[in-house]
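# Summary of the model geometry
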Amino acid sequence: QVQLVESGGGLVQAGGSLRLSCAASGRTFSSAAMGWFRQAPGKEREFVAVVSGSGDSTNYADSVKGRFTISRDNAKNTVYLQMNILKPEDTAVYYCAARRSTIATMNRNLFNYWGQGTQVTVSS
């Protein structure tokens, strides 16, 4: 099994930056594709970014491309989301997710494990 523990959320002004971390436990972490999703009040959970198990492939939602970067450090069993030039519309609960596959996907229904979520609030 895989367990995910998130940290790094908080309050930031528009234009600022935050770095989210997701610490994973489980013997298969190094081969699991990992993703970040977010959900704002009254909205559905949406895809943000994903990285393949090997770390050699990434994909991003159009709304965050060029501003957010996903990365992983398998030696530390951790995946990161660096968020720059934050906008008020980035305000949401951010979730880390893992799937039983090495292949990156944007489809939230294909992820098997989820963190508890961490709040990101961007003020104008």
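Scroll up a little and you will see the structure.
## With respect to the environment of Glu6
Locating Glu6 in the fold gives a position in strand 1 (residues 3–7). When the C-alpha positions of Glu6 and Thr118 are compared, they lie 6.5 Å apart, and in sequence the two are 112 residues distant. The contact partners of Glu6, leaving out residues within four places of it in the chain, are Ser21, Cys22, Trp36, Tyr94, Tyr95, Cys96, Gly115, Gln116, Gly117 and Thr118. One polar contact links the side chain of Glu6 to the main-chain amide nitrogen of Gly117, over a distance of 3.1 Å.

## Comments concerning the environment of Ala33
Tracing the backbone shows Ala33 in the loop between strand 3 (18–25) and strand 4 (34–39). On the basis of relative accessible area, Ala33 is assigned to the buried category, the value being 0%. Sequence separation between Ala33 and Ser54 is 21 residues, and the spatial gap between their C-alpha atoms is 7.9 Å. In contact with Ala33, not counting residues within four places along its chain, are Val51, Ser52, Gly53, Arg72, Ala97, Ala98, Arg99, Ser101, Thr102, Ile103, Ala104 and Phe111.

What counts, and where the lines are drawn
Residues numbered from 1 in each chain as written. Predicted model: local features only at pLDDT ≥ 70, side-chain atom pairs only at ≥ 80, totals over all residues. Heavy atoms only, no water. Helix = DSSP H or I, 4+ residues; strand = E, 2+ residues; numbered from the N terminus. Contact = heavy atoms within 4.5 Å. Polar contact = N/O pair within 3.5 Å; in protein donor to acceptor, adjacent residues only side chain to side chain. Buried < 20%, exposed > 50% of the residue type's maximum accessible area, 1.4 Å probe, protein only.

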